[in-house]
Amino acid sequence: MKKIELDIVGLSYSQTQSGAYALVLGEIKGRRRLPIIIGSFEAQAIAIEIEKMTPSRPLTHDLFKSFAQAYNLSIQEIIIYNLVDGIFYAKLICSDGKKTTEIDARTSDAIAISVRFNCPIYTYEFILSTAGIVIEGNDFVYLENINETPEEKAPVSSAGSFASLSDDELKTRLQEALAEEAYEKAAKIRDELNRRKAS
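By convention here, each chain's residues receive numbers from 1 onward along its written sequence. Predicted model: local features are reported for residues with pLDDT of at least 70 only, side-chain atom pairs are reported and counted for 80 or more only, and whole-chain, interface and lining totals are derived from all residues. With hydrogens and water excluded, all non-hydrogen atoms of the structure serve as input to the side-chain values.

**Student:** Run through unusual backbone geometry, naming residues and quoting values.
**Tutor:** A positive phi is found at Asn 72, a non-glycine position, where the angle reads about 55 degrees. Put simply, DSSP H or I for four residues or longer makes a helix, DSSP E for two residues or longer makes a strand, and each gets a number counted from the N terminus. Secondary-structure assignment places Asn 72 in the loop between α2 (60–70) and β4 (74–84).

Take a look at the structure:
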């Protein structure tokens, strides 16, 4: 499978989930965005490294980097390789110069490590087309519906926090959330529309 390189484009506090953050990855040379909900510790670990701040004592991810460097291990890349029931799966591709090893990791930890090793982050097309959001001019398109016309979309029914809103109202709110870069809210609206499509 062809890998698609991503970059960190945003990290913001979740307004709907206490103690959670929305990490937004963007397709390099593309307009697609992949919002991922992460915990506060991992968000702090990512932000500290991006801002080049030095904590008084090493964080866990800093310890991992020091340990790896002490044994001449390098992280070559991070791959977000699967998405199951809304959970992203990632792995570290490590090398000692002779042998390459894949290590399973939580996506948030893998990204916190990637910023420390300055290594690329990749994913696959099926993940971006399932969980990504793309903005086309002033409009948005769900990636999994990109080839559908409005007539091809299934009738809708829904339950949940957005259940009282019509599809058009949800789409308008999604566009507003994207314009405000409220990616975590946008992801929830996207999930609601996906649920309606599946029912």
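**Student:** Can you explain the packing of α2 against helix α3 (residues 107–117)? Please cite residues and give values.
**Tutor:** Axis geometry follows a simple rule: fit a line to the C-alpha atoms, using only the stretch in contact for helices, then measure angles between N-to-C directions, giving values from 0 to 180 degrees. The contact between α2 and α3 brings their axes to 10 Å, and the two run at 55 degrees. As far as their axial angle goes, α3 and α2 are oblique. Judged by the sense of rotation from one axis to the other, the crossing of α2 with α3 is right-handed. Facing His 61, Asp 62, Phe 64, Lys 65 and Ala 68 of α2, the residues of α3 in contact are Asp 109, Ala 112, Ile 113, Arg 116 and Phe 117. Gly falls in the polar group here, along with every residue not listed as nonpolar (Ala, Val, Leu, Ile, Met, Phe, Trp, Tyr, Cys, Pro) or charged (Asp, Glu, Lys, Arg). Of the residues assigned to the contact of α2 with α3, the class counts are 5 nonpolar, 1 polar and 4 charged. An angle below 35 degrees is treated as roughly parallel, one above 145 as roughly antiparallel, one from 65 to 115 as roughly perpendicular, and anything else as oblique. It is the rotation of the near helix from the far one that decides the hand of a crossing: anticlockwise by less than a right angle makes it left-handed, clockwise makes it right-handed. It only takes one pair of heavy atoms within 4.5 Å for two residues to be counted as in contact.

**Student:** Give a description of the nonpolar core that names residues and reports values.
**Tutor:** Here the nonpolar core consists of buried residues drawn from Ala, Val, Leu, Ile, Met, Phe, Trp, Tyr and Cys, with membership extended through side-chain atoms lying within 4.5 Å. Whether a residue is buried, partly exposed or exposed follows from its accessible area with a 1.4 Å probe, protein chains only, as a fraction of its type maximum: under 20%, in between, or over 50%, in that order. Within the largest apolar cluster, 34 residues are counted, with the highest numbers of intra-cluster contacts made by Leu 25, Leu 34 and Ile 80. Mapped by element, the contributors of at least two residues to this core are β1 (3–13), β2 (20–27), β3 (32–39), α1 (40–50), β4, β5 (87–95), α3 and α4 (125–131). Of all the elements, α3 adds the most residues to this core, at 6 residues. In terms of nonpolar packing, the next biggest core, distinct from the first, is built from 9 residues, Ile 133, Phe 162, Ala 177 and Ile 189 among them.

**Student:** Before we move on, can you summarise the packing of aromatic side chains with the specific residues and values?
**Tutor:** Any Phe, Tyr or Trp ring, taking Trp's six-membered ring, that has another such ring centre within 6.5 Å forms a pair; planes under 30 degrees apart are called stacked, those over 60 apart edge-to-face, and the others tilted. Applying the stated criterion to the full structure yields 4 aromatic pairs. Note on Phe 64 and Phe 117: the rings are 6.4 Å apart at their centroids and 75 degrees apart in plane angle, and the pair reads as edge-to-face. Within this pair, whereas Phe 64 is found in helix α2, its partner Phe 117 is found in helix α3, the two being separated by 53 residues in sequence. The exposure class assigned to Phe 64 is partly exposed, which follows from its relative accessible area of 29%. Two conditions define a charge sitting above a ring: the NZ of Lys or the CZ of Arg must be within 6 Å of the ring centre, and it must be within 35 degrees of the ring normal. In this structure, Lys 3 is placed above the aromatic ring of Tyr 122, and the distance from its NZ or CZ to the ring centre is 4.6 Å. One residue, Lys 91, lies across the ring of Tyr 81, its end atom 4.9 Å from the ring centre.

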